[in-house]
Amino acid sequence: MSIDTIEFFSGRESNARTYARNIQRIFTHGNLAQVQDSDGRKYIDCLSCAGALALGHNHPFVQERVIDFLRSGQLQQALDLATPAKFQFMNELFAALPSDFASQAKLQFCGPTGADAVEAALKLFKTATGRRPVLVFQGAYHGMSHGTMGMMGNLTPKQAISGMPSEIQFLPYPYTYRSPFGAQTNALETERLSLMFLENVLSDPESGVCKPAMVLLEAIQGEGGCIPTSANWLRQVREITERHQVPLVIDEIQSGIGRSGDMFAFEHAGIIPDAILLSKAIGGGYPLSLLVYQEKYDTWKPGAHAGTFRGNQIALISGAATLEFIRREHLLEHVHEVGNLLREGLLDLKESFPCIGEVRGRGLMLGMELIVPTAIPDALGHPPPAGALANEVKKACLEEGLIIESGGRQGAVLRFLPPLIITRVEACKIVERLSRALNRHAPAKSLNRKFQVHVEAKS
Ligand code: PMP
């Protein structure tokens, strides 16, 4: 049966569908960082399944392991039973975790989506502490289940849903470009005030917030607009939470497995959290979701977080292969190198395009915030985010052969999450294609040709 038109999907699929709305293509093939559509057009994939494809599409190392496994006669589905696939995966995972954390860690296999790991953390830490409130940060994204949406910064999807979980407190995140304390507040001061806010909520007997079951945060906010936190801020959060005996849970669902240039984004701060949440890339392209936590919290009862499809066997194989490949090929060094190249290219564009407010991120988790530079600043003194422009640029990128997504306030942050194996040449092509797309909708002052020359020299 051949696929007639893209309208077949829009006619039958739910109104709630997301990526397919903007990316109106039928994709037939994928090879590492590139995908091909039904018209034979090729694209560099800077979305890589919302960051889930650490090694890109059909990576031969992972593919071979999966094919061997499918033919092996081993169990393909096994609830959470013990299997050789699980053994292999657990060994790779524990070797990849920081050793101080791994030595005391226990692992809960969750339902296949990241949101279920967040749900599990909520239940575990409420059980272990006997407390109810949860502290999260403005701009956070932890999933789309009913419980996790309660902890989401973005108001749009929440507004239609009544009965959101209560006792969730949002704290200001150190979003230094768009400081929640006003445009006159510099980066260091923004971080300091954010920490003071946390300290005050935990220590003021009139804060209105009972002692929380956990503080949950992303070391780099992803959907919130690719907003990194500094090592110092993370260390201080660890110090404050430890002093107040509040578990610190780090959501590494998007930033984990090498994306930031470290295996886990919190590692650059050298801290030991009480738990980390993993999904997306940990399954090597197949669905897998994990809650890894310090043994002392293992107080919940057998069956406290049951579910049918937990620890998908194929995902255990592909996840173990992905971790092994990252380790063996020293891929983190590559992420640093190629991430710096991409960042330099994006910063270079910032010189030419006044609509680029900031380029930020770490490793291959990069963001470019678009603004309306000529508009009157908002009440906090910030330039308005250019959400409509970001949307146009995304569409133009698609025509140029580049898939990117956006996030952040009003969707004005273009986000770059290419597979970690992306080449230097591909990184340069991303910049080149993006510059053409930007130029169509917000013409440059002067177009920098440095990267184009570089690509030509390399290819
Ligand atoms: N946490 C973070 C940081 C995420 O980025 C996401 C997904 N974008 C989730 C949780 C939820 O994961 P899933 O979509 O698999 O439920």
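Everything numeric in this text was worked out from a predicted model, so none of it was measured.

Caption draft 1: Layout of the overall build of the chain. Looking only at helices and strands, the chain features 15 helices and 17 strands. Relative to the compact-globule value of 23 Å for 459 residues, the chain shows a C-alpha radius of gyration of 22 Å, a close match. Dimensions of the chain, computed from C-alpha atoms along their principal axes, come out at roughly 60 × 60 × 45 Å. Considering only contacts within the chain whose residues lie at least 6 apart along the sequence, 71% involve residues at least 24 apart. Put simply, the chain shows about 19900 Å² of open surface, and 53% of that area lies on carbon and sulfur atoms. Looking at charge distribution, the chain has the averaged site of its 45 positive side-chain charges lying 2 Å from that of its 47 negative ones.

Caption draft 2: Looking closely at the side chain of glutamate 405. Checked against the element boundaries, glutamate 405 lands in strand S16 (residues 405–407). A distance of 3.3 Å separates a polar atom in the side chain of glutamate 405 from a polar atom in the side chain of lysine 394. If near-sequence neighbours (up to four positions away) are discounted, glutamate 405 is found in contact with Tyr19, Asn22, Ile23, Leu47, Lys394, Val413, Leu414 and Arg415.

Caption draft 3: Geometry of the site of the ligand. The immediate surroundings of the ligand are formed by Thr113, Gly114, Ala115, Tyr141, His142, Gly143, Glu218, Glu223, Asp251, Ile253, Gln254 and Lys280. Here lysine 280 contributes a side-chain N or O atom positioned 3.0 Å from a nitrogen atom of the ligand. Computed on the free molecule, the ligand has an accessible area of 390 Å², of which 85% lies beneath the protein chains in the complex. Among the residues making up the shell around the ligand, the classes are represented as three nonpolar, five polar and four charged.

Caption draft 4: The arrangement of the domain arrangement of the chain in detail. You can read the domains of the chain as domain 1 (3–58 + 331–458) and domain 2 (74–328). Its C-alpha centre places domain 1 at a distance of 26 Å from the equivalent point of domain 2. Of the roughly 3100 Å² buried between domain 1 and domain 2 on both sides combined, carbon and sulfur atoms contribute 56%. The largest contributions to the domain 1 side of the interface with domain 2 come from Arg362, Met365 and Arg409, which together make up 25% of the buried area. Applying the counting rule to domain 1 against domain 2 returns three salt bridges. Note that aspartate 262 is salt-bridged to arginine 362, the shortest N-O span being 3.0 Å.

Caption draft 5: Expanded view of the packing of helix H4 (residues 60–71) against helix H11 (residues 313–328). Orientation of H4 relative to H11, taken along the N-to-C sense of each, is 145 degrees, at an axis distance of 9 Å. For H4 against H11, the interelement crossing comes out right-handed. Taking contact as the criterion, the partners of Phe61, Val62, Arg65, Val66, Phe69 and Leu70 in H4 are, on H11, Gln313, Ile314, Ile317, Ser318, Ala321, Thr322, Glu324, Phe325 and Arg328. Split into classes, the residues belonging to the contact of H4 with H11 amount to nine nonpolar, three polar and three charged.

Caption draft 6: Up close: the sheet that holds strand S14 (residues 365–370). With antiparallel pairing, four strands are arranged side by side in an open sheet as S13-S14-S17-S16. Where the open sheet ends on each side, the last strands, each with one partner, are strand S13 (356–362) and S16. Across the sheet, the mean angle separating the axes of adjacent strands is 30 degrees when strand polarity is ignored. Strand contacts of helix H12 (residues 331–352): S13, S14 and strand S17 (413–416), with the helix running at about 170 degrees to S13, the strand carrying the most contacts.

Analysis parameters
- Counting from 1, residues in each chain are numbered in the order their sequence is written.
- Totals for whole chains, interfaces and linings use all residues, but because this is a predicted model, local features are given only for residues with pLDDT of at least 70 and pairs of side-chain atoms are given and counted only at 80 or more.
- Hydrogens are left out, water is left out, and the side-chain values use all remaining heavy atoms of the structure.
- Helix and strand labels come from DSSP, where a helix needs a run of H or I of at least four residues and a strand needs a run of E of at least two; each type is numbered from the N terminus.
- In this treatment the radius of gyration is a C-alpha quantity, and the globule benchmark scales as 2.2 Å times the residue count to the 0.38 power.
- Any two residues whose heavy atoms approach within 4.5 Å are treated as being in contact.
- All accessible-area figures derive from a Shrake-Rupley calculation using a 1.4 Å probe, and residue coverage is judged against the displayed protein chains alone.
- This count recognises Lys and Arg as positive and Asp and Glu as negative, with His and chain-terminal groups excluded.
- All charge positions are set by atom: Lys at NZ, Arg at CZ, Asp at CG, Glu at CD.
- Think of a polar contact as two N or O atoms within 3.5 Å of one another; within protein, one of them needs to be a possible hydrogen donor and the other a possible acceptor, and neighboring residues in sequence only count if both atoms come from side chains.
- Residues are classed as near a molecule or strand on a simple rule: at least one heavy atom within 4 Å of it.
- Gly is placed with the polar residues, together with every amino acid not listed as nonpolar (Ala, Val, Leu, Ile, Met, Phe, Trp, Tyr, Cys and Pro) or charged (Asp, Glu, Lys and Arg).
- The source of the domain bounds is an automatic or database domain assignment.
- The term buried area denotes the loss of accessible surface (1.4 Å probe radius) that occurs when two parts are joined, taken as the sum for both partners.
- Put simply, a salt bridge is a Lys or Arg side-chain nitrogen that is within 4 Å of an Asp or Glu carboxyl oxygen.
- Throughout, an axis means a line fitted to C-alpha atoms (over the contacting stretch in the case of helices), and angles, computed between N-to-C directions, take values from 0 to 180 degrees.
- When the near helix sits turned anticlockwise from the far one by under a right angle, the crossing is termed left-handed; a clockwise turn instead gives a right-handed crossing.
- One requirement defines pairing of two strands: DSSP has to find at least two bridges between them.

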